[in-house]
Amino acid sequence: MSALRAFFCAGALALVVSGCNRGGNNTEDGGYKLPDGGTTNNPDGGMSELEITDFAKDLILNHTADNNLPETTEDKTFKDSESSSGFPSSFFQ
Amino acid sequence: MKSKMRLGGIAAGALAMASIASFASSHREAPFITKNPKVDSTDFYMFRSYETGRAAFTTFIANYQPFQDPMGGPNYFSMDPEALYEIHIDNNNDAMEDLTFQFRFNNTLANSNNGVALPISKGDGGTVDVAIPLINAGVITAADQSKLNLAETYTVKVVRNNRRTGTAEDVTNAAGGSKVFTKPVDFIGAKSFSSLTAPDRAAAVTAYAAYANQYIYNVNIPGCATPGKVFVGQRAESFAVNLGTVFDLVDAPAGVITNNAQRNAVPNPMADKSITSIAVEVPTTCLVQGTQKIIGGWQTASVRQARVINPAATYARPSREGGAWVQVSRLGMPLVNEIVIGLKDKDRWNSSEPKDDTQFLTYVTNPTLPALIEVLFGPTVKAPTKFPRADLVAAFLTGVPNVNANGATAEYVRLNTDLPATAAGSQNPLGAAGCFVNGVLNTMAAGCDVAGFPNGRRPIDDVVDIELRVAMGYLYTNDTDAPSRNVAFHDAVAQEGVTFATTFPYVGAPKPGANGDGTSTP
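Summarised in this report is the structure supplied together with it. (Residues numbered from 1 in each chain as written. Chains lettered and ligands numbered in written order. Predicted model: local features only at pLDDT ≥ 70, side-chain atom pairs only at ≥ 80, totals over all residues. Heavy atoms only, no water.)

**Quick notes on the interface of chain B and chain A**
Between chain B and chain A, the residue contacts involve 21 residues of the former and 25 residues of the latter. Counting the surface lost from both chain B and chain A, the interface buries some 2,200 Å², and carbon and sulfur atoms represent 60% of this. Summed over the three residues of chain B that lose the most area to chain A, namely Gln 305, Val 308 and Arg 320 of chain B, the buried surface amounts to 30% of that side. At the boundary of chain B with chain A, the tally comes to 1 salt bridge. Measuring nitrogen to oxygen at the nearest pair gives 3.0 Å for the salt bridge that ties Asp 66 of chain A to Arg 304 of chain B. Linking chain B with chain A are 9 residue pairs in polar contact (both at pLDDT 80 or more), by the criterion used here. The set of elements that each furnish at least two residues to the side of chain B that touches chain A consists of strand E14 (294–309) and strand E15 (319–331) of chain B. With 8 residues, E15 of chain B is the single largest residue contributor to the side of chain B that touches chain A. Class assignment for the residues of the side of chain B that touches chain A results in 10 nonpolar, 5 polar and 6 charged. (Contact = heavy atoms within 4.5 Å. Buried area = accessible area lost by both parts, 1.4 Å probe. Salt bridge = Lys/Arg side-chain N within 4 Å of Asp/Glu carboxyl O. Polar contact = N/O pair within 3.5 Å; in protein donor to acceptor, adjacent residues only side chain to side chain. Helix = DSSP H or I, 4+ residues; strand = E, 2+ residues; numbered from the N terminus. Nonpolar A, V, L, I, M, F, W, Y, C, P; charged D, E, K, R; others polar.)

Listed below in structure tokens is the structure:
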């Protein structure tokens, strides 16, 4: 179990929480565009939980630029399933 | 008469602005920034250059990384290569940056990040190369840095208009045109800068100064007709304050901190600390816009929004960081976030921009600091009684009309670049406060120095004493509004006890991390 936990820790994540500016990856209806093209908005109008690993990975892979503005975070609900596949070693190469 | 009116305005504004802040500087002032010491802004200086022959220039010094103990090896205090350090200037009165100097750092180990290695015996007659655990492997001199294991370099860009969407151009070395500059390694100790066999502290101090000073660069700044200067490196802590005592509910005898003769009663507890300074000197004509000669300045630090820690960390990749830049530290006027802004809003302050400062208005109109002092030292010490502190709001957020008001509503250091600098030997640590006597302007008062804080801020300005006095009503002209207005409050540590240079970058060299005699006490 400890080995499994250690593996989860491979994806240890530190998010610098921003309280500012627009969400450049937000959809027009306020949801967040997921990497797979979906959004966090449920059909019934409620907000679904956003996997924080996906959120962080998307920021790093798709939004690293000197002229971008930060994504808002307080308007999103995050979950952390401690996905062991979130950040494989190749991510750090 | 015009001159006198202008002077009075300067002093009044300066003091009023100062009064919203108090006590300490901006070292570890907000909860979140304590987790990120490499990007912690500590002191921001902005002043007309007073070095002989440099009257046409303005100097900016942005300090980062507080509470550096000189012996803090083996890694010492390199800057964060994943961070963005910035100095912003507003020159058109809209509380937004028009000119930004951006500094990015790169730290590399020798031998392609494998580090210096020593041949160690394998026990069979052969050797194996093993990387050393230190940042140098021998003596470093101005002429020879081959024994350095860690190379620290940086680039500088100047951005016009918005810091993120404006046009960024490289600042280059005036000698050769390189875009890459060297940051001198921190002052490791006497042996590393003198001799392996006969370490000598005095010799090392001289040698370190020569070594570090060679990294003061003349630079070409795009858009500026005249070259400026740049330096980044470890310096002696430039801020003097009775820090522990202040934060321990001002644990000092009232008889001491209200007696002007005891302004220097106790040793400066910051005297042995170091800091990392980013200093840039810019032709003033390149800073101002049109007929507007008043500029506003502040420093920030930003990091990428996401940081994923590498579970198999390497020197080059301990984490992977990405996303947009997110501001995590902000500093203009000293001490504002430290002692004015409520604890619950300090992190928000660090992420905020001057253009949005009205959100913090209550902290200015109804400051808590004077009330705290009254509680701690009453009943003879009384806070000002007139609320809201409209005088503070006007001065703090707008500047002083006809002096350094620029039409912007924002908290940052304002400098009227038309007012000449005061020569180093004639500067008054109490800045423009010395121009007021009993709440009334007296330009003939001894030590009246309008070139000082808060018309800009120079290294020697004792912002703690100035701000403390003004907070308690120094500018008021009657005892009803401010019963303690003429009490000479101070923190018992004098800023003028710090030694500064009279030439760029003004802030002095740090102390060595070891003395060459087997001791490492500064």
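**Describing the side chain of Asp 461 of chain B**
All names here are of chain B. On the secondary structure map, Asp 461 appears in the loop between strand E18 (440–441) and helix H12 (463–471). Relative accessible area serves as the criterion here: at 1%, Asp 461 is assigned to the buried category. Polar contacts involving the side chain of Asp 461 include one to the main-chain amide nitrogen of Phe 453, which spans 2.9 Å. (Buried < 20%, exposed > 50% of the residue type's maximum accessible area, 1.4 Å probe, protein only.)

**Re the pairing of strand E13 (residues 274–283) of chain B**
All names here are of chain B. For E13, the buried fraction is high: 10 of the 10 residues fall into the buried class. Both faces of E13 are covered, namely the face carrying Ser 274, Thr 276, Ile 278, Val 280 and Val 282 and the face carrying Ile 275, Ser 277, Ala 279, Glu 281 and Pro 283. Bridging between strand E2 (residues 57–68) and E13 involves 9 bridges; their strand directions are antiparallel. By the bridge assignment for E13, Asn 63 is matched with Ser 277. With 8 bridges joining them, strand E12 (residues 228–236) and E13 adopt antiparallel strand pairing. Pairing of Arg 235 across the sheet is with Ile 275, part of E13. (Pairing = 2+ DSSP bridges.)

**Thoughts on the environment of Gln 214 of chain B**
All names here are of chain B. Locating Gln 214 in the fold gives a position in the loop between helix H3 (201–213) and strand E11 (217–220). When its relative accessible area of 34% is taken as the criterion, Gln 214 is described as partly exposed. Contacts of Gln 214, omitting those with residues within four sequence positions, involve Ala 142 and Gln 145. Polar contacts involving the side chain of Gln 214 include one to the main-chain carbonyl oxygen of Tyr 211, which spans 3.4 Å.

**Some thoughts on the sheet that holds E13 of chain B**
All names here are of chain B. One open sheet holds the 6 strands; their spatial order is E1-E2-E13-E12-E11-E9, and the pairing between them is antiparallel. Sheet topology places strand E1 (41–48) and strand E9 (172–173) at the edges, where each strand pairs with a single neighbour. Pairing geometry for E9 and E11, over 2 bridges, is antiparallel. Across the sheet, Thr 172 pairs through a bridge with Asn 220, a residue of E11.

**Examining the nonpolar core**
All names here are of chain B. Counting residues in each nonpolar core, the largest one holds 99 residues, and the members touching the most others are Phe 60, Tyr 85, Ile 87, Phe 101, Phe 103 and Ile 278. A total of 6 residues in this core trace back to one element, the largest contributor, which is H12. If we ignore the near neighbours within four places in the chain, the residues touching Ile 87 are Phe 44, Phe 60, Ala 62, Leu 99, Thr 100, Phe 101, Phe 103, Ile 278, Val 280, Trp 298 and Gln 299. Counting residues in each nonpolar core, the second largest holds 13 residues, with Phe 47, Ile 61, Ala 240 and Tyr 506 among its members. (Core = buried A, V, L, I, M, F, W, Y, C linked by side-chain atoms within 4.5 Å.)

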